[in-house]
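Structural characterization, general
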Amino acid sequence: MFRRLVSGELIILQWRRSQSSKCLRLLSCNSVIGPDRGQDLSREERTVPTERVPSRPEKQKRVCKVILDRFDQQYGQELGPLWPSARAVLLNPGCWQYGVMLNRFAAVSEVKQRLQGQGFVSLLPHTDLPLNSSLAQPHPTSPTQPSSIPHPGPSPPSLQCFIHPSPVRYPSPPHRQGQLKPYYLMNAASLLPVLALGVEEGDRVLDLCSAPGGKALAILQTADPALLCCNEMDPHRRDWLAKTLESFIPQSLSSTVTVSNQDGRIFGQSEAGMYDKVLLDAPCSNDRSWLFSGPGGEQHGAVRLRERARLPTLQTQLLRSALAAVRPGGVAVYSTCTLSRSENQEVVEAVLNTCPGVELQDLEEELALPLQEHFTFTPLGHTPSLGHTPSLGLLVVPQQGQTWGPMFLSRIKRIY
(Lines give C-alpha, C1' and ligand atoms only; values in the text may rest on other atoms or scores of the structure.)
Protein backbone atom coordinates (compact mmCIF):
# COMPACT_ATOMS: atom_id res chain seq x y z
CA MET A 1 0.00 0.00 0.00
CA PHE A 2 1.38 3.39 -0.97
CA ARG A 3 -0.11 6.83 -1.24
CA ARG A 4 -0.80 8.45 -4.57
CA LEU A 5 -1.44 12.15 -5.02
CA VAL A 6 -3.84 12.85 -7.88
CA SER A 7 -4.83 16.47 -8.57
CA GLY A 8 -4.15 17.40 -4.98
CA GLU A 9 -6.23 14.55 -3.52
CA LEU A 10 -4.78 11.64 -1.62
CA ILE A 11 -5.71 8.20 -2.87
CA ILE A 12 -4.59 5.05 -1.09
CA LEU A 13 -3.26 2.36 -3.38
CA GLN A 14 -3.41 -1.25 -2.31
CA TRP A 15 -2.44 -4.32 -4.27
CA ARG A 16 -2.91 -7.98 -3.56
CA ARG A 17 0.03 -10.16 -4.36
CA SER A 18 -0.82 -12.57 -7.13
CA GLN A 19 -0.43 -16.27 -6.44
CA SER A 20 0.82 -16.69 -9.94
CA SER A 21 4.49 -17.53 -10.25
CA LYS A 22 4.87 -14.98 -13.05
CA CYS A 23 6.85 -12.00 -11.82
CA LEU A 24 6.59 -8.38 -12.87
CA ARG A 25 8.66 -7.59 -15.95
CA LEU A 26 10.85 -4.60 -15.38
CA LEU A 27 12.28 -4.27 -18.86
CA SER A 28 12.45 -0.81 -20.35
CA CYS A 29 9.53 -0.33 -22.74
CA ASN A 30 8.67 3.35 -22.55
CA SER A 31 7.40 5.60 -25.27
CA VAL A 32 9.79 7.35 -27.61
CA ILE A 33 10.17 10.44 -25.46
CA GLY A 34 9.25 8.80 -22.16
CA PRO A 35 11.86 8.13 -19.48
CA ASP A 36 13.59 5.16 -21.04
CA ARG A 37 15.11 3.23 -18.18
CA GLY A 38 17.25 0.71 -19.98
CA GLN A 39 19.48 0.87 -16.90
CA ASP A 40 16.99 -0.98 -14.66
CA LEU A 41 16.54 -4.64 -15.48
CA SER A 42 14.51 -7.61 -14.37
CA ARG A 43 13.94 -10.59 -16.61
CA GLU A 44 11.59 -13.57 -16.44
CA GLU A 45 11.41 -15.26 -13.07
CA ARG A 46 13.78 -18.12 -12.38
CA THR A 47 14.77 -19.94 -9.24
CA VAL A 48 18.03 -18.63 -7.82
CA PRO A 49 20.66 -21.31 -8.53
CA THR A 50 23.45 -22.40 -6.27
CA GLU A 51 25.97 -22.33 -9.11
CA ARG A 52 27.18 -19.44 -11.18
CA VAL A 53 24.95 -18.53 -14.09
CA PRO A 54 27.27 -18.14 -17.08
CA SER A 55 26.64 -15.49 -19.67
CA ARG A 56 24.49 -16.72 -22.48
CA PRO A 57 24.58 -15.66 -26.10
CA GLU A 58 21.97 -12.99 -26.63
CA LYS A 59 19.26 -13.57 -29.17
CA GLN A 60 20.41 -11.77 -32.29
CA LYS A 61 18.95 -8.29 -32.46
CA ARG A 62 18.61 -6.32 -35.63
CA VAL A 63 20.61 -3.09 -35.60
CA CYS A 64 18.77 0.02 -36.74
CA LYS A 65 21.09 1.40 -39.42
CA VAL A 66 19.64 4.91 -39.49
CA ILE A 67 20.24 5.25 -35.74
CA LEU A 68 23.73 3.73 -35.92
CA ASP A 69 24.70 6.08 -38.75
CA ARG A 70 23.58 9.06 -36.68
CA PHE A 71 25.47 7.83 -33.64
CA ASP A 72 28.61 7.26 -35.70
CA GLN A 73 28.44 10.79 -37.03
CA GLN A 74 27.66 12.46 -33.71
CA TYR A 75 29.61 10.39 -31.19
CA GLY A 76 32.61 9.96 -33.45
CA GLN A 77 33.02 13.71 -33.15
CA GLU A 78 31.97 14.15 -29.52
CA LEU A 79 33.81 11.17 -28.00
CA GLY A 80 36.73 10.89 -30.37
CA PRO A 81 38.84 7.75 -29.74
CA LEU A 82 36.43 6.45 -27.07
CA TRP A 83 33.59 5.95 -29.56
CA PRO A 84 34.83 2.86 -31.50
CA SER A 85 35.17 0.79 -28.31
CA ALA A 86 31.92 2.15 -26.88
CA ARG A 87 30.21 1.33 -30.16
CA ALA A 88 31.43 -2.26 -30.00
CA VAL A 89 30.01 -2.67 -26.49
CA LEU A 90 26.63 -1.12 -27.31
CA LEU A 91 26.25 -3.39 -30.34
CA ASN A 92 26.99 -6.54 -28.31
CA PRO A 93 24.39 -7.08 -25.54
CA GLY A 94 26.07 -10.38 -24.72
CA CYS A 95 28.98 -8.52 -23.13
CA TRP A 96 26.88 -6.23 -20.93
CA GLN A 97 27.45 -6.49 -17.18
CA TYR A 98 24.73 -6.21 -14.54
CA GLY A 99 24.68 -5.11 -10.92
CA VAL A 100 22.77 -6.74 -8.05
CA MET A 101 21.49 -4.18 -5.53
CA LEU A 102 20.51 -5.74 -2.20
CA ASN A 103 17.27 -4.73 -0.50
CA ARG A 104 17.80 -3.84 3.16
CA PHE A 105 14.10 -4.41 3.89
CA ALA A 106 14.43 -8.14 3.15
CA ALA A 107 16.65 -11.00 4.33
CA VAL A 108 19.75 -10.84 2.13
CA SER A 109 22.51 -12.70 3.99
CA GLU A 110 22.15 -15.87 1.90
CA VAL A 111 22.00 -13.90 -1.34
CA LYS A 112 25.12 -11.98 -0.36
CA GLN A 113 27.01 -15.18 0.43
CA ARG A 114 25.91 -16.73 -2.86
CA LEU A 115 27.03 -13.69 -4.82
CA GLN A 116 30.43 -13.65 -3.16
CA GLY A 117 30.79 -17.37 -3.78
CA GLN A 118 30.19 -16.82 -7.48
CA GLY A 119 32.86 -14.14 -7.78
CA PHE A 120 30.74 -11.01 -7.38
CA VAL A 121 32.42 -8.13 -5.53
CA SER A 122 31.05 -5.06 -3.82
CA LEU A 123 30.88 -1.97 -6.00
CA LEU A 124 31.06 0.24 -2.93
CA PRO A 125 33.63 -0.86 -0.31
CA HIS A 126 32.37 1.53 2.34
CA THR A 127 35.58 1.69 4.31
CA ASP A 128 37.58 2.76 1.27
CA LEU A 129 35.36 5.26 -0.55
CA PRO A 130 35.36 8.85 0.70
CA LEU A 131 31.75 9.47 -0.37
CA ASN A 132 30.03 12.32 1.47
CA SER A 133 26.80 10.42 2.00
CA SER A 134 25.27 8.00 4.45
CA LEU A 135 27.20 5.22 2.73
CA ALA A 136 30.35 6.01 4.64
CA GLN A 137 28.80 6.06 8.11
CA PRO A 138 25.55 4.09 8.41
CA HIS A 139 23.15 5.32 11.04
CA PRO A 140 20.29 3.55 12.85
CA THR A 141 16.98 3.44 11.06
CA SER A 142 14.02 5.44 12.21
CA PRO A 143 11.38 3.42 14.06
CA THR A 144 8.58 2.26 11.82
CA GLN A 145 5.27 0.55 12.44
CA PRO A 146 5.08 -3.20 11.86
CA SER A 147 4.46 -4.15 8.24
CA SER A 148 1.87 -6.67 7.19
CA ILE A 149 4.54 -8.26 5.01
CA PRO A 150 6.88 -10.51 7.01
CA HIS A 151 10.49 -9.40 6.83
CA PRO A 152 13.38 -9.35 9.26
CA GLY A 153 13.26 -5.58 9.80
CA PRO A 154 15.34 -3.04 7.90
CA SER A 155 19.08 -3.06 8.19
CA PRO A 156 20.87 0.25 8.81
CA PRO A 157 20.94 2.38 5.65
CA SER A 158 23.77 1.14 3.49
CA LEU A 159 23.69 0.85 -0.28
CA GLN A 160 25.05 -2.56 -1.26
CA CYS A 161 25.55 -3.44 -4.91
CA PHE A 162 27.51 -6.43 -6.21
CA ILE A 163 29.08 -6.63 -9.65
CA HIS A 164 30.99 -9.28 -11.60
CA PRO A 165 33.99 -8.60 -13.85
CA SER A 166 32.40 -10.79 -16.54
CA PRO A 167 28.92 -10.53 -18.11
CA VAL A 168 27.50 -13.07 -15.68
CA ARG A 169 23.70 -12.99 -15.62
CA TYR A 170 22.23 -13.31 -12.16
CA PRO A 171 18.57 -14.41 -12.23
CA SER A 172 15.79 -12.04 -11.31
CA PRO A 173 14.45 -12.50 -7.78
CA PRO A 174 11.65 -15.05 -7.53
CA HIS A 175 8.18 -13.85 -6.57
CA ARG A 176 7.13 -15.33 -3.25
CA GLN A 177 3.73 -14.37 -1.95
CA GLY A 178 3.89 -12.21 1.16
CA GLN A 179 7.64 -11.61 0.89
CA LEU A 180 9.63 -8.64 -0.31
CA LYS A 181 12.15 -9.22 -3.08
CA PRO A 182 15.72 -9.35 -1.73
CA TYR A 183 17.55 -7.71 -4.63
CA TYR A 184 17.12 -5.60 -7.75
CA LEU A 185 19.02 -6.04 -11.03
CA MET A 186 20.34 -2.92 -12.71
CA ASN A 187 23.12 -1.28 -14.66
CA ALA A 188 25.46 -0.26 -11.85
CA ALA A 189 25.98 3.18 -13.42
CA SER A 190 22.38 3.95 -12.45
CA LEU A 191 23.54 4.24 -8.84
CA LEU A 192 25.83 7.19 -9.57
CA PRO A 193 23.04 9.83 -9.61
CA VAL A 194 21.76 8.48 -6.30
CA LEU A 195 25.25 8.70 -4.77
CA ALA A 196 25.60 12.24 -6.10
CA LEU A 197 22.26 13.19 -4.51
CA GLY A 198 23.66 12.40 -1.06
CA VAL A 199 20.35 11.83 0.71
CA GLU A 200 20.53 12.11 4.51
CA GLU A 201 18.16 11.09 7.28
CA GLY A 202 15.14 13.36 7.47
CA ASP A 203 15.51 14.83 3.95
CA ARG A 204 12.47 15.57 1.83
CA VAL A 205 13.29 14.00 -1.54
CA LEU A 206 11.64 14.24 -4.95
CA ASP A 207 12.23 11.71 -7.73
CA LEU A 208 10.75 13.75 -10.55
CA CYS A 209 10.62 11.11 -13.32
CA SER A 210 10.61 8.03 -11.16
CA ALA A 211 9.42 5.00 -13.18
CA PRO A 212 10.29 2.19 -13.14
CA GLY A 213 11.55 2.84 -9.61
CA GLY A 214 15.12 1.52 -9.43
CA LYS A 215 16.63 4.82 -8.30
CA ALA A 216 13.85 5.35 -5.75
CA LEU A 217 14.70 1.94 -4.30
CA ALA A 218 18.38 2.91 -4.21
CA ILE A 219 17.57 6.16 -2.38
CA LEU A 220 15.79 4.16 0.33
CA GLN A 221 18.85 1.93 0.70
CA THR A 222 21.09 4.92 1.45
CA ALA A 223 19.05 6.77 4.09
CA ASP A 224 15.72 7.20 5.87
CA PRO A 225 14.20 10.29 4.27
CA ALA A 226 11.27 12.06 5.90
CA LEU A 227 9.52 11.96 2.52
CA LEU A 228 10.23 10.38 -0.85
CA CYS A 229 7.84 11.61 -3.53
CA CYS A 230 8.01 9.44 -6.65
CA ASN A 231 6.47 11.36 -9.51
CA GLU A 232 5.46 9.81 -12.83
CA MET A 233 3.00 11.41 -15.24
CA ASP A 234 2.47 8.49 -17.64
CA PRO A 235 -0.30 6.20 -16.27
CA HIS A 236 1.23 2.95 -17.53
CA ARG A 237 4.66 3.75 -16.18
CA ARG A 238 3.15 5.01 -12.93
CA ASP A 239 1.47 1.65 -12.36
CA TRP A 240 4.78 -0.02 -13.17
CA LEU A 241 6.46 2.21 -10.57
CA ALA A 242 3.84 1.44 -7.92
CA LYS A 243 4.22 -2.30 -8.44
CA THR A 244 8.00 -2.01 -8.15
CA LEU A 245 7.68 -0.19 -4.84
CA GLU A 246 5.18 -2.74 -3.58
CA SER A 247 7.57 -5.60 -4.40
CA PHE A 248 10.53 -4.16 -2.50
CA ILE A 249 9.32 -1.78 0.23
CA PRO A 250 7.32 -2.67 3.37
CA GLN A 251 3.89 -1.17 3.88
CA SER A 252 5.18 0.49 7.02
CA LEU A 253 6.78 3.08 4.72
CA SER A 254 3.48 3.99 3.04
CA SER A 255 3.41 7.31 4.92
CA THR A 256 6.96 8.10 3.77
CA VAL A 257 6.85 7.03 0.12
CA THR A 258 4.24 8.70 -2.09
CA VAL A 259 3.44 8.32 -5.78
CA SER A 260 2.24 11.40 -7.66
CA ASN A 261 1.22 12.06 -11.27
CA GLN A 262 2.06 15.70 -11.87
CA ASP A 263 3.48 17.08 -15.10
CA GLY A 264 7.15 17.30 -14.24
CA ARG A 265 7.54 20.53 -16.20
CA ILE A 266 5.30 22.41 -13.75
CA PHE A 267 5.97 20.43 -10.57
CA GLY A 268 8.40 23.07 -9.34
CA GLN A 269 5.73 25.74 -9.60
CA SER A 270 3.17 23.84 -7.56
CA GLU A 271 5.66 22.74 -4.86
CA ALA A 272 8.30 25.46 -5.01
CA GLY A 273 11.14 25.07 -2.53
CA MET A 274 9.53 22.08 -0.80
CA TYR A 275 12.39 19.57 -1.16
CA ASP A 276 15.93 19.19 0.15
CA LYS A 277 17.03 16.93 -2.72
CA VAL A 278 15.58 16.41 -6.21
CA LEU A 279 16.58 13.69 -8.65
CA LEU A 280 15.75 14.23 -12.31
CA ASP A 281 16.52 11.07 -14.27
CA ALA A 282 15.26 12.69 -17.43
CA PRO A 283 13.54 11.23 -20.49
CA CYS A 284 16.28 10.68 -23.05
CA SER A 285 17.30 8.84 -26.20
CA ASN A 286 18.42 5.62 -24.55
CA ASP A 287 21.45 4.64 -26.61
CA ARG A 288 21.37 0.97 -25.59
CA SER A 289 17.84 0.29 -26.76
CA TRP A 290 17.56 2.77 -29.62
CA LEU A 291 20.37 1.08 -31.55
CA PHE A 292 18.16 -1.93 -32.15
CA SER A 293 15.15 -1.93 -34.44
CA GLY A 294 11.72 -2.06 -32.89
CA PRO A 295 8.44 -2.50 -34.74
CA GLY A 296 8.69 -0.67 -38.02
CA GLY A 297 12.45 -1.09 -38.42
CA GLU A 298 14.24 1.78 -40.15
CA GLN A 299 11.07 3.84 -40.41
CA HIS A 300 10.63 3.66 -36.65
CA GLY A 301 14.27 4.70 -36.25
CA ALA A 302 13.66 7.79 -38.36
CA VAL A 303 10.68 8.70 -36.15
CA ARG A 304 12.84 8.32 -33.07
CA LEU A 305 15.47 10.64 -34.48
CA ARG A 306 12.84 13.32 -35.06
CA GLU A 307 11.63 12.91 -31.49
CA ARG A 308 15.24 13.00 -30.30
CA ALA A 309 15.66 16.49 -31.70
CA ARG A 310 12.87 17.72 -29.41
CA LEU A 311 14.18 16.09 -26.23
CA PRO A 312 16.59 18.87 -25.11
CA THR A 313 13.70 21.33 -24.86
CA LEU A 314 11.75 18.94 -22.63
CA GLN A 315 14.83 18.13 -20.56
CA THR A 316 15.59 21.82 -20.02
CA GLN A 317 12.02 22.47 -18.85
CA LEU A 318 12.21 19.54 -16.45
CA LEU A 319 15.54 20.65 -14.99
CA ARG A 320 14.25 24.18 -14.40
CA SER A 321 11.24 22.68 -12.64
CA ALA A 322 13.49 20.44 -10.52
CA LEU A 323 15.53 23.44 -9.38
CA ALA A 324 12.35 25.36 -8.55
CA ALA A 325 11.26 22.50 -6.29
CA VAL A 326 14.54 22.61 -4.31
CA ARG A 327 14.83 24.79 -1.22
CA PRO A 328 17.76 27.23 -0.97
CA GLY A 329 20.78 25.19 0.08
CA GLY A 330 19.39 22.01 -1.47
CA VAL A 331 20.59 20.24 -4.60
CA ALA A 332 19.20 18.76 -7.79
CA VAL A 333 20.90 15.96 -9.73
CA TYR A 334 20.28 15.70 -13.47
CA SER A 335 20.98 12.38 -15.20
CA THR A 336 20.39 10.60 -18.50
CA CYS A 337 21.36 7.28 -20.06
CA THR A 338 22.63 8.74 -23.33
CA LEU A 339 26.02 9.90 -24.57
CA SER A 340 24.49 12.83 -26.44
CA ARG A 341 26.05 16.18 -25.59
CA SER A 342 22.88 18.02 -26.64
CA GLU A 343 20.89 16.11 -24.01
CA ASN A 344 23.60 16.31 -21.35
CA GLN A 345 26.11 19.12 -21.10
CA GLU A 346 24.15 21.53 -23.29
CA VAL A 347 20.99 21.12 -21.20
CA VAL A 348 22.92 21.82 -17.99
CA GLU A 349 24.67 24.78 -19.59
CA ALA A 350 21.38 26.27 -20.81
CA VAL A 351 19.84 26.05 -17.34
CA LEU A 352 22.90 27.52 -15.62
CA ASN A 353 22.79 30.45 -18.03
CA THR A 354 19.09 31.19 -17.49
CA CYS A 355 18.39 30.27 -13.85
CA PRO A 356 19.74 32.77 -11.30
CA GLY A 357 20.74 31.64 -7.84
CA VAL A 358 22.15 28.22 -8.78
CA GLU A 359 25.68 26.87 -9.06
CA LEU A 360 27.28 23.77 -10.54
CA GLN A 361 29.02 21.38 -8.14
CA ASP A 362 32.06 19.34 -9.11
CA LEU A 363 31.75 15.55 -8.78
CA GLU A 364 35.24 14.47 -9.81
CA GLU A 365 36.82 14.02 -6.37
CA GLU A 366 33.61 12.77 -4.79
CA LEU A 367 32.64 10.14 -7.35
CA ALA A 368 34.86 9.86 -10.43
CA LEU A 369 38.20 9.35 -8.69
CA PRO A 370 37.01 6.82 -6.07
CA LEU A 371 35.07 4.80 -8.65
CA GLN A 372 37.39 4.95 -11.66
CA GLU A 373 38.33 1.32 -11.05
CA HIS A 374 34.83 0.28 -12.11
CA PHE A 375 33.65 2.99 -14.51
CA THR A 376 35.17 4.62 -17.57
CA PHE A 377 34.58 8.36 -17.35
CA THR A 378 35.35 10.68 -20.25
CA PRO A 379 38.49 12.75 -19.70
CA LEU A 380 37.34 15.04 -16.92
CA GLY A 381 37.16 18.76 -17.48
CA HIS A 382 36.63 18.65 -21.23
CA THR A 383 35.00 16.95 -24.17
CA PRO A 384 37.67 15.48 -26.52
CA SER A 385 36.56 17.29 -29.68
CA LEU A 386 35.99 20.65 -27.99
CA GLY A 387 39.24 21.10 -26.10
CA HIS A 388 39.50 22.12 -22.45
CA THR A 389 36.12 23.48 -21.34
CA PRO A 390 34.61 23.53 -17.83
CA SER A 391 33.21 20.18 -16.75
CA LEU A 392 29.41 20.25 -16.67
CA GLY A 393 29.12 16.76 -15.18
CA LEU A 394 30.37 13.21 -15.40
CA LEU A 395 29.85 10.94 -18.39
CA VAL A 396 30.25 7.16 -18.07
CA VAL A 397 31.17 5.59 -21.42
CA PRO A 398 30.76 1.80 -21.88
CA GLN A 399 34.06 0.05 -22.55
CA GLN A 400 35.05 -3.61 -22.74
CA GLY A 401 35.33 -4.97 -19.20
CA GLN A 402 33.57 -1.86 -17.86
CA THR A 403 30.35 -2.01 -19.84
CA TRP A 404 28.36 0.21 -17.46
CA GLY A 405 26.50 3.16 -18.90
CA PRO A 406 25.94 5.28 -20.82
CA MET A 407 25.22 7.54 -17.88
CA PHE A 408 25.54 11.30 -17.54
CA LEU A 409 25.09 13.11 -14.23
CA SER A 410 25.42 16.65 -13.02
CA ARG A 411 24.67 18.23 -9.63
CA ILE A 412 23.42 21.79 -9.18
CA LYS A 413 22.99 23.60 -5.86
CA ARG A 414 20.25 26.11 -5.22
CA ILE A 415 21.85 29.17 -3.57
CA TYR A 416 18.74 31.33 -3.21
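My aim in this report is to walk through the structure given alongside it, one point at a time. Source: prediction; values computed, not measured.

Check the secondary structure of the protein chain and you find 11 helices and 17 strands. In the protein chain, which comprises 416 residues, the share counted as buried stands at 57%. Accessible surface computed for the protein chain: about 17000 Å², of which carbon and sulfur atoms make up 51%.

In terms of burial, helix α5 (residues 214-222) is largely enclosed, as 9 of its 9 residues are buried. Among all positions in α5, only Gly214, Lys215, Ala216, Leu217, Ala218, Ile219, Leu220, Gln221 and Thr222 are buried.

Attention shifts here to the packing of helix α1 (residues 65-79) against helix α9 (residues 297-325). The contact between α1 and α9 brings their axes to 7 Å, and the two run at 40°. By the angle between their axes, α1 is oblique relative to α9. Of the residues in α9, those touching α1 at Lys65, Val66, Ile67, Arg70, Phe71, Gln74 and Tyr75 are Glu298, Gly301, Ala302, Arg304, Leu305 and Arg308. Tallied by class, residues from the contact of α1 with α9 come to 6 nonpolar, 2 polar and 5 charged.

Here we take up the pairing of strand β11 (residues 275-281). Judged by how many residues are buried, β11 sits mostly within the fold: 7 of 7 residues are covered. Pairing geometry for strand β8 (residues 204-207) and β11, over 3 bridges, is parallel. Among the inter-strand pairings, Val205 is bridged to a residue of β11, identified as Lys277. Pairing analysis gives 6 bridges linking β11 to strand β12 (residues 326-336), with the strands arranged parallel. Counted as the bridge partner of Leu279 is Val333 from β12.

The next subject is the environment of His374. If you trace the backbone, His374 turns up in the loop between α11 (364-371) and β14 (382-383). For His374, a relative accessible area of 13% corresponds to the buried category. Note: C-alpha distance between His374 and Ala188 (186 residues apart in sequence) is 9.4 Å. If sequence neighbours within four positions are ignored, His374 has contacts with Ser122, Leu123, Ile163, Gln402 and Trp404.

Conventions we followed
Residues numbered from 1 in each chain as written. Predicted model: local features only at pLDDT ≥ 70, side-chain atom pairs only at ≥ 80, totals over all residues. Heavy atoms only, no water. Helix = DSSP H or I, 4+ residues; strand = E, 2+ residues; numbered from the N terminus. Buried < 20%, exposed > 50% of the residue type's maximum accessible area, 1.4 Å probe, protein only. Areas by Shrake-Rupley, 256 points an atom, 1.4 Å probe, with all protein chains shown as cover. Axes fitted to C-alpha atoms, helices over the stretch in contact; angles between N-to-C directions. Parallel < 35°, antiparallel > 145°, perpendicular 65-115°, else oblique. Contact = heavy atoms within 4.5 Å. Nonpolar A, V, L, I, M, F, W, Y, C, P; charged D, E, K, R; others polar. Pairing = 2+ DSSP bridges.

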